Amino acid sequence: MIKVGIVGGTGYTGVELLRLLAQHPEVELVAITSRTEDGLPVATLFPSLRGRVSLAFSDPAKAALERCDVVFFATPHGVAMAQSPALLKAGVRVIDLAADFRIKDPEVFQKWYGMPHAAPDLLREAVYGLPEVNREALRKARLVGMAGCYPTSMQLGYAPLLAQARALVDEGHLVADCKSGVSGAGRKAEIGNLLAEASDNFKAYAVKGHRHLPETVQGLEAIARRPVGLTFVPHLLPMIRGIHSTLYARILPGAMDTDFQMLYETHYAHEPFVDVMPPGSTPETRSVRASNYLRIALHRPDGGDTLIVLVVEDNLVKGASGQAVQAMNIMFGLPEDTGLRQIAVLP
Ligand SMILES: NC(=O)c1ccc[n+]([C@@H]2O[C@H](COP(=O)([O-])OP(=O)(O)OC[C@H]3O[C@@H](n4cnc5c(N)ncnc54)[C@H](OP(=O)(O)O)[C@@H]3O)[C@@H](O)[C@H]2O)c1
């Protein structure tokens, strides 16, 4: 059994990790931390876990994290980079759901996250947690910086186009119009997340620059091995879970005859969690709710030179905790879908 610890067990990605790991046949939950709920039984805070998780929260300073085989950080940015060096030294593998180990350049990290990087020497070693792109590197990884929720939808949505030897679309002017449910902002008290503010409403935010932009461009350029330009505008949807990304790409004159449907189906033919839907489909967020699937559908209005890629995922599962469990499965040599075979909840 893999001994698992979770730092930040009271947040939304934390409770989602608990839901998935409590059903995982190869995992033993050893420690779950909270600074605010030290001593409280997990199932008291989350009755959904009654009878399935018998642990109590413990303060991170007291938790037996060094006894674990792997520790997940489901914490705000800045926490994992401070605590990972000691855990790695103790032989514990680390999977961070925050941004600490996603961006390779510490100056870019500081610019977007407003703090100097506390462990820049670990950035080179850290593997970016996007299994469909980095599966081989994940097998040997000690330290993983999981892909963000929007970045997962954008990278998996554009990857088949960018992975080609020659450009098929105008890679300098990709446009991503993305929408997320409010759980993407975490389980904290903020006026913008109140029911009376977020429900029955729809708006863009961070239009002049969102933190997921540098991470996504870095990832897209790693796939393409060429420079990529991206405009990314996130929106807040009045729902709890789910991301819907509408990705646009202008097809180059020399690529107008490309069978994009075939390209995507071939690229993802052996991926357990990426579903390329029939041409012209309109994927719905509820078709992936609480599941680790990401669904993609292609459109080419009027057969013209604009390719539209529709992508849906659950921000807390494929966009966070499910993908983190997928990465753990790869790191520990388990079948990649172990504990992740849940079907979406509908309606
Ligand atoms: N929500 C999403 O859809 C999503 C998707 C992908 C990635 N992420 C990333 O995943 C991370 C967690 O997100 P979330 O939405 O679960 O956040 P959240 O709901 O706000 O939860 C944060 C958790 O971290 C703990 N925590 C806060 N400061 C800490 C510290 N200094 N030391 C130790 N524990 C601390 C909190 O517990 P206590 O205060 O009780 O200790 C809480 O359990 C974030 O970095 C986020 O960007 C989130």
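An account of the accompanying structure is given in this report. (Residues numbered from 1 in each chain as written. Predicted model: local features only at pLDDT ≥ 70, side-chain atom pairs only at ≥ 80, totals over all residues. Heavy atoms only, no water.)

1. Concerning the site of the ligand
Put simply, the rule is: We call a residue near a molecule or strand as soon as one heavy atom of that residue lies within 4 Å of the molecule or strand. Nitrogen and oxygen atoms within 3.5 Å of one another constitute a polar contact, given that in protein one can donate a hydrogen and the other can accept it, and given that sequence-neighbouring residues count only through two side-chain atoms. Exposure was quantified through the Shrake-Rupley algorithm and a 1.4 Å probe, taking into account, for residues, occlusion by the shown protein chains and nothing else.
Lining the immediate environment of the ligand, one finds 26 residues, of which Thr10, Ser34, Thr36, Thr75 and Arg187 sit closest. The side chain of Ser34 places a nitrogen or oxygen atom 2.6 Å from an oxygen atom of the ligand. Within the backbone of Gly184, an N or O atom sits 3.5 Å from a nitrogen atom of the ligand. Burial of the ligand by the protein chains amounts to 83% of its free accessible area of 890 Å².

2. Some remarks on helix 4 (residues 106–113)
Going by this rule: Comment: elements are numbered from the N terminus, with helices defined as DSSP H or I runs of at least four residues and strands as E runs of at least two.
Of the residues flanking the start of helix 4, the one acting as N-cap is Asp105, its side-chain oxygen 2.8 Å from the backbone nitrogen of Glu107. One or two steps after helix 4, the chain reaches Gly114, where phi turns positive at roughly 70°.

3. Looking at the side chain of Ser245
Definition in use: Burial here depends on accessible area, computed with a 1.4 Å probe over protein chains only, as a share of the maximum for the residue type. Under 20% is buried, over 50% is exposed, and the range in between is partly exposed. The contact definition used throughout considers only heavy atoms, calling two residues in contact when any of these lie within 4.5 Å.
Along the chain, Ser245 falls in strand 10 (residues 243–250). Relative accessible area serves as the criterion here: at 0%, Ser245 is assigned to the buried category. In terms of polar contacts, Ser245 uses its side chain to reach the side chain of Ser153, at 2.8 Å. With residues near it in sequence (within four places) discarded, Ser245 still touches Ser153, Asp177, Cys178, Val309, Leu310 and Val311.

4. Concerning the nonpolar core
Basically, it comes down to this: Each nonpolar core is a collection of buried residues, namely Ala, Val, Leu, Ile, Met, Phe, Trp, Tyr and Cys, held together in the definition by side-chain atoms within 4.5 Å.
Formed by 40 residues in total, the largest nonpolar core has its most connected members in Tyr158, Leu161, Leu174, Leu230, Tyr264 and Ile296. The biggest single contributor to this core is helix 6 (residues 149–162), with eight residues. Contact partners of Ile296, with chain neighbours within four places excluded, come to Leu156, Gly157, Tyr264, Tyr268, Val274, Asp275, Val276, Met277, Val309, Leu310 and Val311. Counting 37 residues, the second-largest nonpolar core is a separate cluster that includes Ile32, Ile95, Ala320 and Ile330.

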